[in-house]
Amino acid sequence: MGFHLGPLGALRTLPSPSLGTGPDASATRIGGTHRSLGGRVTVDRIAVPRAWSLTWPYLDPDTHAYLDALHLGLVDGPLWLIDGERRNRLSPQVAATGSAQRTTTGFTPTAGTLVWTATVPVTPLPLAGGLDWTPPAVGGSLAADRVPLAAGEPVTASAWVRAGVTTRVRLEFYDTNDSPLGHVDSPPSTPDSDQRLVVSVLASSAAAARMALLVEGNAAGAHVLTTAWQLEPAPTATPWVPGGGAAQVVVDGLSAAYPVPGSWASTLTLLEV
């Protein structure tokens, strides 16, 4: 069970938390439940932030010192947590291509028209919808928010696409100062039928990655329909799962006890921003 915590470019691998007492990674829905006079139930979801509780009965002093520094605010943020139990590194909203909020929040087109739609390519998991992008005649890119990378890990990006125009999936890489380091593209494809576009690479030194769709030209005004995006630490694409493998967090608490000399009994509580 792998957890990485820290600022971009300085993520630190944490020892495996105790399995007997956790870890806990609960999500709490912010919203309300309403029942009409006819008995119909409606659930409002404003947000579903998570909280992590990681416990170590015998934690080494160096790791505890690092966590203590984070808890005391001695390290500049923002802080990121990579949760190795959730392989899709994108946010839930981006991974589901807008289906969490039924909006295009989290996506940035260079130009053209972008809307959320319930008409999307058919995928193994029937999501509520995805994105309908009409790129300009000169082409362009549709990019998601950046997510952190651990040092030297393989990275694979994938997206389901239907488009009457040549399209690629792109992985863009950035350093700790948000400066671009380069990119890799999937082979060009014109997916008239539903198709999953995939690109894989070994990210040797990048601190963050951004996933995008690239269209070279769209003189005929074709629509690009896409859904089920995934950015995962794997050499090949695996079946799509909801996002949430990385999150900006704050340290809410850090307990400390001395079970034996040279060790710390600690519980770290993190809250998703």
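What counts and what doesn't
- Residues numbered from 1 in each chain as written.
- Predicted model: local features only at pLDDT ≥ 70, side-chain atom pairs only at ≥ 80, totals over all residues.
- Heavy atoms only, no water.
- Helix = DSSP H or I, 4+ residues; strand = E, 2+ residues; numbered from the N terminus.
- Polar contact = N/O pair within 3.5 Å; in protein donor to acceptor, adjacent residues only side chain to side chain.
- Contact = heavy atoms within 4.5 Å.
- Pairing = 2+ DSSP bridges.
- Axes fitted to C-alpha atoms, helices over the stretch in contact; angles between N-to-C directions.

*Asks:* Help me out: how do you make sense of the side chain of Thr 227 in this one?
*Replies:* Relative to the helices and strands, Thr 227 is located in strand 18 (residues 224-232). Among the polar contacts made by the side chain of Thr 227, one reaches the side chain of Thr 97 at a distance of 3.0 Å. A distance of 3.0 Å separates the side chain of Thr 227 from the backbone oxygen of Gly 129, its partner in a polar contact. Aside from chain neighbours lying at most four places away, what touches Thr 227 is Thr 97, Val 120, Pro 121, Thr 123, Leu 127, Gly 129, Gly 130, Ala 159 and Trp 160.

*Asks:* Explain the sheet that holds strand 9 (residues 113-117) to me, please; I cannot follow it from the model alone.
*Replies:* Each strand in a sheet pairs with another by means of backbone hydrogen bonds, the pair being arranged parallel or else antiparallel. Strands sit in the order 9-10-18-13-16 across an open sheet of 5 strands; the sheet is antiparallel. Two strands bound the open sheet, and with one partner strand each, they are strand 9 and strand 16 (195-202). Strand-to-strand twist across the sheet, computed as the mean angle between neighbouring axes with direction ignored, equals 30°. Where strand 13 (residues 154-163) meets strand 16, 8 bridges bridge the pair, whose relative direction is antiparallel. Each residue of the ladder has a partner; that of Ala 157, found in strand 16, is Val 199.

*Asks:* Just to check I follow, could you spell out the pairing of strand 19 (residues 246-254) for this structure?
*Replies:* A regular strand carries its side chains on alternate faces of the sheet. In the sheet, strand 7 (residues 79-83) pairs with strand 19 via 4 bridges, with the strands oriented antiparallel. Considered in strand 19, the bridge of Leu 81 is made with Ala 247.

*Asks:* Any chance you could explain the side chain of Thr 226 here in plain terms?
*Replies:* Its place among the elements puts Thr 226 in strand 18. A polar side-chain atom of Thr 226 sits 2.8 Å from a polar atom in the side chain of Trp 229. Leaving out residues up to four positions away in the same chain, Thr 226 has contacts with Thr 97, Val 120, Pro 121, Gly 130, Leu 131, Ala 159, Trp 160, Val 161 and Leu 213.

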